[in-house]
Amino acid sequence: DPLKADRELVLEAVRKNGRALSHAADPLKADRELVLEAVRKNGRALSHAADPLKADRELVLEAVRQNGDALQWAADPLKSDRDFMLEAVRLN
């Protein structure tokens, strides 16, 4: 579906509802700016992000700031990082 790959359209959609990321084409789920917008609206959108972004400290913390449940989708190396986990707990 070409609409799912339309960056502008998907960006507008995730700005209104972060969960719209679930309908985006896979390359857009790896677009840091777009995913950051999505998790700012709904931290649970992290579940739909490409795996490399789930290891992005700043992006994951932004998701956790919005919804503490987002921590479950953080990459294992982040969840094993004591400093990261302390910061995540402080945010929530």
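Before any of the text, the structure's been laid out above.
Computed from a prediction, not measured in an experiment: that's the story for all the values here.

K.L.:
Even after reading the chapter, I still don't get the environment of Arg82, so can you show me in this structure?
P.N.:
For Arg82, the position within the fold is in helix α6 (residues 82-91). On the basis of relative accessibility, which here comes to 61%, the residue Arg82 falls in the exposed class. Along the sequence, Arg82 and Asn67 sit 15 residues apart, while their C-alpha atoms lie 20 Å from each other.

K.L.:
Got a minute to help me understand the pattern of salt bridges in this structure?
P.N.:
For side chains bearing opposite charge, pairing can occur when the charged atoms are close. Going through the model one piece at a time under the given rule, you end up with 15 salt bridges. The salt bridge involving Arg15 is made with Glu12; its shortest N-O contact spans 3.3 Å. Of the two residues, Arg15 and Glu12 both sit in helix α1 (residues 7-16), 3 residues apart, roughly one turn of that helix. Of the charged contacts in the structure, one is a salt bridge between Glu58 and Arg32, with a shortest N-O distance of 2.8 Å. In this pair, Glu58 sits in helix α4 (residues 57-66) while Arg32 sits in helix α3 (residues 32-41), placing the two residues 26 residues apart along the sequence. Residue Glu58 is classed as partly exposed on the basis of its relative accessible area, which comes to 48%.

K.L.:
I keep staring at the side chain of Asp56 and nothing clicks. Help me out?
P.N.:
Here Asp56 lies in the loop between α3 and α4. Look at Asp56 and you get buried, because its relative accessible area is 18%. With near-sequence residues (within four places) excluded, Asp56 lies in contact with Arg32 and Leu78.

Definitions and limits used
- Residues numbered from 1 in each chain as written.
- Predicted model: local features only at pLDDT ≥ 70, side-chain atom pairs only at ≥ 80, totals over all residues.
- Heavy atoms only, no water.
- Helix = DSSP H or I, 4+ residues; strand = E, 2+ residues; numbered from the N terminus.
- Buried < 20%, exposed > 50% of the residue type's maximum accessible area, 1.4 Å probe, protein only.
- Salt bridge = Lys/Arg side-chain N within 4 Å of Asp/Glu carboxyl O.
- Contact = heavy atoms within 4.5 Å.

Nothing here speaks to function; it is geometry throughout.
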